[in-house]
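Letter by letter, the chains look like this.
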Amino acid sequence: LAALHPRIVVKLPCTAAGIRAVKYFAAKDIRTNCTLVFSIGQALLAAKAGATYVSPFVGRLDDISEDGVALVAHIVKVYRTYGYKTQVLAASIRHTQHIIQCLDAGADVATCPLAAIEGLLRHPLTDSGLEKFLADHARLNA
């Protein structure tokens, strides 16, 4: 798969076999995303194996009353403390606030549903300001 295009990233689950595959691909300079990460231990093993990305699943952790954003922050802290090059890809984003929280936590990348991304554009002062601009424009051109 990686030979098809230089931007292709091979996605592997964070299992014993997946970590072995990450290490194998890293030795061949093939980019990987170690996915289905739910703990700092899994994130550590992925980084030590040479994963390009690690994907903690924020929303799925929140669904079981664990703090998904806190895991993202913990991974970022450990990676920066120990100099791992693995990037943190926040996955299972459920809403706009998750995006902001993962940004604050230091995530490098996120996969997001369109509705969450569109939420970044919404603000009541933007809406009311636009209404005023349009009303002023209509008044001047009447």
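Refer to the preceding data block for the structure.
Residues numbered from 1 in each chain as written. Predicted model: local features only at pLDDT ≥ 70, side-chain atom pairs only at ≥ 80, totals over all residues. Heavy atoms only, no water.

The next thing to look at is the packing of helix α2 (residues 40-49) against helix α4 (residues 68-82). Relative orientation of the contacting elements α2 and α4 amounts to 40°, with a least axis distance of 10 Å. In terms of orientation, α2 lies oblique with respect to α4. The way α2 lies across α4 gives a crossing that is right-handed. On α4, the residues that touch Ile 40, Ala 43 and Ala 47 of α2 are Leu 71, His 74, Ile 75, Val 78 and Tyr 79. (Axes fitted to C-alpha atoms, helices over the stretch in contact; angles between N-to-C directions. Helix = DSSP H or I, 4+ residues; strand = E, 2+ residues; numbered from the N terminus. Parallel < 35°, antiparallel > 145°, perpendicular 65-115°, else oblique. Left-handed = near helix turned anticlockwise from the far one by under 90°. Contact = heavy atoms within 4.5 Å.)

The strand order across the open sheet built from five strands is β1-β2-β3-β4-β5, with neighbouring strands paired in parallel fashion. Each end of this open sheet is capped by a strand with a single partner; those strands are β1 (10-13) and β5 (109-110). Direction of pairing for strand β2 (residues 32-37) relative to strand β3 (residues 53-56): parallel, over a ladder of three bridges. The residue bridging Asn 33 from the neighbouring strand is Tyr 53, located in β3. Each of β2 and β3 touches α2; the most contacted strand, β2, lies at about 165° to it. (Pairing = 2+ DSSP bridges.)

Grouped together as the largest cluster of nonpolar side chains are 31 residues, with contacts concentrated most on Val 54, Val 72, Ile 75, Tyr 79 and Cys 102. Taken together, the elements giving at least two residues each to this core come down to β1, α1 (16-27), β2, α2, α3 (58-63), α4, β4 (87-90) and α5 (96-105). Among the elements that make up this core, the one with the highest residue count is α4 (seven residues). Dropping the residues within four chain positions of it, Tyr 79 is found in contact with Ala 43, Ala 47, Val 54, Tyr 84, Thr 86 and Val 88. (Core = buried A, V, L, I, M, F, W, Y, C linked by side-chain atoms within 4.5 Å. Buried < 20%, exposed > 50% of the residue type's maximum accessible area, 1.4 Å probe, protein only.)

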